[in-house]
Amino acid sequence: MEIVVTGRHVQVSDRFRRHLDDKLAKVPQLAPRVQRLDVVVTHEANPRQSKACDRVEITCHVKGPVIRAEACADDKYAALDVAMDKLLERLRRAHDRRRVHRGRHVPESVAQATARLADLPSLNGASGGAPEAEAVPAEGESPIEVREKVHATAPMKLDQALYEMELVGHDFYLFHDSDTDRPSVVYRRRGWSYGVIHLDVDEMARERVG
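Residues numbered from 1 in each chain as written. Predicted model: local features only at pLDDT ≥ 70, side-chain atom pairs only at ≥ 80, totals over all residues. Heavy atoms only, no water.

With that out of the way, let us pick up the overall build of the protein. Per the secondary structure count, the protein includes six helices and nine strands. Out of the 210 residues in the protein, the part that is buried amounts to 35%. Restricting to contacts in the protein with at least 6 residues of sequence separation, those with at least 24 account for 46%. For the protein, the exposed area adds up to about 13,100 Å²; of that, 51% sits on carbon and sulfur atoms. (Helix = DSSP H or I, 4+ residues; strand = E, 2+ residues; numbered from the N terminus. Buried < 20%, exposed > 50% of the residue type's maximum accessible area, 1.4 Å probe, protein only. Contact = heavy atoms within 4.5 Å. Areas by Shrake-Rupley, 256 points an atom, 1.4 Å probe, with all protein chains shown as cover.)

Before going further, it helps to examine the side chain of D38. If you trace the backbone, D38 turns up in strand β2 (residues 36-43). What makes D38 buried here is its relative accessible area of 18%. Side-chain polar atoms of D38 contact the side chain of R36, separated by 2.9 Å. Among the polar contacts listed, one links the side chain of D38 to the side chain of H61, at a separation of 2.9 Å. (Polar contact = N/O pair within 3.5 Å; in protein donor to acceptor, adjacent residues only side chain to side chain.)

With that settled, the discussion passes to the sheet that holds strand β7 (residues 172-177). If you walk across this open sheet you meet the three strands as β7-β8-β9, and the pairing is antiparallel. In this open sheet, the two edge strands, each paired with only one partner strand, are β7 and β9 (194-198). Between one strand and the next, the sheet's axes are offset by a mean angle of 25 degrees, whatever the strand orientation. Against the sheet, helix α5 (residues 158-168) contacts β7, β8 (182-188) and β9, and its axis sits at roughly 50 degrees relative to β8. (Pairing = 2+ DSSP bridges. Axes fitted to C-alpha atoms, helices over the stretch in contact; angles between N-to-C directions.)

Scope: geometric values only; no functional claims are made or implied.
And the structure:
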């Protein structure tokens, strides 16, 4: 299992790396086929962010959907503990789901998927497993900066998109709907209800925009 540790605005000490190795040793127990773990430790120097100045992001690359967790705290050790709890919980759910599917070979309905995920914590963040977003400068002297990211995917059903959205802890998930053959976005609404948006490419609208 390869572990890649990156520090942003902070130097990652050997002591923290040893502590990290001890924590991550639990991952192969739930994901025996784990290939790589990416850990990003970020320090926010802004004094107004002192209660959440350290962020730890962990991305687990396994066969199947990428699994990700992150947490903020006033100390990187505390942030690591919270992030690890979230990651292990998501790994357990992925492990249990694989066992259920091998036993019955029947895909879940959307209602079953949302009910099963109802007690999973949500967390905003960048798309797990995708390459680091590149900044695309705006035209002219505009201060606006747009970050561009390419996300590799395969056609999937809505319940699989919901499942993968929860594994990376996002409030939305972009996917290619295999039922409609359209680019689609599933998103979290209030409480534990969900919505989905399908894109229908209108050639006439494209000509007007062009």
